[in-house]
Amino acid sequence: MLTPILAIFKFGSLAPIRALATGSLLAVISLGAAAQPVTNSGMLSLEKFLSETRSGRADFVQIVTSPARAGEAPRVKKSTGTFEFSRPNRFRFFYQKPFEQTIVADGETLWLYDVDLNQVTARKLAQVLNGTPAAVIAAAADLKGLQADFTLSGLPEKSGLQWVMATPKGRDGQVKNISVGFRITAQGSALASLDILDSFGQRSVMTFSRFEANPTFSASHFQFKPPAGADVLRQ
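This one's a predicted model, so the numbers in the text were calculated from it and none came from an experiment.

**Things to note about the sheet that holds strand S12 (residues 231–234)**
Phase 1: The strand order across the open sheet formed by 12 strands is S7-S8-S9-S10-S11-S1-S2-S3-S4-S5-S6-S12, and the pairing between neighbours is mixed. Only two strands of the sheet have a single neighbouring strand rather than two, namely strand S7 (150–158) and S12. Going across the sheet, the axis of each strand differs from the next one's by a mean of 20 degrees, ignoring polarity.
Phase 2: Bridge count for strand S9 (residues 175–185) against strand S10 (residues 188–198) is 10 bridges, and the pairing is antiparallel. Along S10, the bridge assignment pairs Asn-177 with Leu-197.
Phase 3: Across the sheet, helix H1 (residues 41–52) lies against strand S2 (75–86), S7, strand S8 (161–168), S9, S10 and strand S11 (203–213), angled at about 80 degrees from S8, the strand it touches most.

What follows is the structure, given as structure tokens:
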């Protein structure tokens, strides 16, 4: 199985990469082909997030639940880390526990670095980003752009959050649908949760805390240089 974060992207089979957890990680008022007025609170929150939050950072806790097998309870795995992004197409996921891994998108290439294996995997970002959760929260410039890859649906408010479901239009990825939760603050729409269901019935919930909107990052912050001695696999 892919690591949970890898299911955000279309990395394909990466047998040498150790899984952080069993399962997969990596927007219903349907808007159709033409833009329609946005009235649902979740859709309004998404539109506000895309237009006003050009960069961000947060801590996250990820819980991956695999479907129960016959006579067995569902398997649950937990990971923690940090997430940073700067539109367009620049982001960094840093998994701290249970295994240290880093995912960096520099605008052209998506890099995955496994510290324990001392292994780097690289792939063209354009080949892996469309139709993924990362495209919803870190890449899309506006609501109209997001509609090219997703059917967007407003959901009822739940747990104090405003929700939108994103269903990928493409059928070549593992992600079935993504629910994005926003918390309304004095600063605007803050990213609070990602609830991702994949085609295998596995569910991954990422809960974000200490979200900071529009921090300033240096020009080199989202660049990645493979460590000396690391094995580099290019796909």
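What follows continues from the structure just given.
**Examining the packing of aromatic side chains**
Phase 1: Using the criterion set out here, one finds 13 aromatic pairs in the structure.
Phase 2: Taken together, a centroid distance of 6.4 Å and an interplanar angle of 65 degrees make the contact between Phe-60 and Phe-208 edge-to-face. Residue Phe-60 is found in strand S1 (residues 55–66), and its partner Phe-208 is found in strand S11; the two are separated by 148 residues along the sequence. Comparing Phe-60 with Phe-208, the two get one shared label, buried.
Phase 3: Ring centres of Trp-111 and Phe-224 lie 5.4 Å apart, and the angle between their planes is 35 degrees; on these two criteria the pair is classed as tilted. Here Trp-111 is found in strand S5 (residues 109–114), whereas its partner Phe-224 is found in the loop between S11 and S12, with 113 residues between them in sequence. Phe-224 matches Trp-111 in its accessibility class, with the two residues each being buried.
Phase 4: An aromatic cluster is present here, built from Phe-49, Phe-60, Phe-83, Phe-85, Phe-91, Phe-93, Tyr-95, Phe-182, Phe-208 and Phe-211 joined pairwise through their rings.
Phase 5: Taking NZ or CZ as reference, Lys-158 lies 5.2 Å from the ring centre of Trp-163, over its face.

**Focus: the pairing of S9**
Phase 1: Pairing of S8 with S9, which is carried by 5 bridges, proceeds in the antiparallel orientation. What sits directly across from Met-165, in S9, is Ser-179.
Phase 2: In this antiparallel pair of consecutive strands, S9 and S10, the connection spans 2 residues.

**Details of the confidence of the model for the protein chain**
Phase 1: Taken as a whole, the protein chain shows an average pLDDT of 83; of its residues, 83% reach a score of 70 or greater.
Phase 2: Across the protein chain, element-level confidence peaks in S11 with a mean pLDDT of 96 and bottoms out in helix H4 (residues 143–147) with 88.
Phase 3: Ignoring residues within four places in sequence, the model shows residues 10–39, a span with pLDDT below 50, making 122 contacts including any to other chains.

**A closer look at unusual backbone geometry**
Phase 1: Cis geometry marks the peptide bond from Arg-87 to Pro-88; its omega dihedral reads -5 degrees.
Phase 2: Mapped onto the elements of the fold, Pro-88 is located in the loop between S2 and strand S3 (90–97).
Phase 3: The step from Lys-97 to Pro-98 runs through a cis peptide bond, and the omega angle for that step is 5 degrees.
Phase 4: Although it is not a glycine, Asn-89 sits at a positive phi angle of roughly 65 degrees.
Phase 5: Of note, Asn-89 is situated in the loop between S2 and S3.

**Examining the nonpolar core**
Within soluble globular proteins, side chains that are nonpolar generally end up buried alongside one another.
Phase 1: If you look at the biggest cluster of nonpolar residues, it comprises 40 residues, and the most contacted ones within it are Phe-83, Phe-91 and Ile-178.
Phase 2: In terms of residues, this core owes the most to one element, helix H3 (residues 133–139), which gives 6 residues.
Phase 3: Counting 7 residues, the second-largest nonpolar core is a separate cluster that includes Trp-111, Tyr-113, Ala-122 and Ala-230.

**Some words on the pattern of salt bridges**
Phase 1: For the structure shown, the criterion picks out 5 salt bridges.
Phase 2: Between Arg-57 and Glu-212 there is a salt bridge, with its nearest N and O atoms 2.9 Å apart. Of this pair, Arg-57 sits in strand S1 while Glu-212 is found in strand S11, placing the two residues 155 residues apart along the sequence.
Phase 3: On the basis of relative accessibility, which here comes to 34%, the residue Glu-212 falls in the partly exposed class.
Phase 4: For Arg-203, the salt bridge goes to Asp-195, with nearest N and O atoms at 2.5 Å.
Phase 5: On the basis of relative accessibility, which here comes to 14%, the residue Asp-195 falls in the buried class.
Phase 6: If you follow the salt bridges from partner to partner, you end up with Arg-57, Glu-84 and Glu-212 in one network.

Rules of the game
- Residues numbered from 1 in each chain as written.
- Predicted model: local features only at pLDDT ≥ 70, side-chain atom pairs only at ≥ 80, totals over all residues.
- Heavy atoms only, no water.
- Pairing = 2+ DSSP bridges.
- Helix = DSSP H or I, 4+ residues; strand = E, 2+ residues; numbered from the N terminus.
- Axes fitted to C-alpha atoms, helices over the stretch in contact; angles between N-to-C directions.
- Contact = heavy atoms within 4.5 Å.
- Phe/Tyr/Trp six-rings, centres within 6.5 Å; stacked < 30°, edge-to-face > 60°.
- Buried < 20%, exposed > 50% of the residue type's maximum accessible area, 1.4 Å probe, protein only.
- Lys NZ or Arg CZ within 6 Å of the ring centre and 35° of its normal.
- pLDDT = per-residue confidence, 0-100.
- Core = buried A, V, L, I, M, F, W, Y, C linked by side-chain atoms within 4.5 Å.
- Salt bridge = Lys/Arg side-chain N within 4 Å of Asp/Glu carboxyl O.

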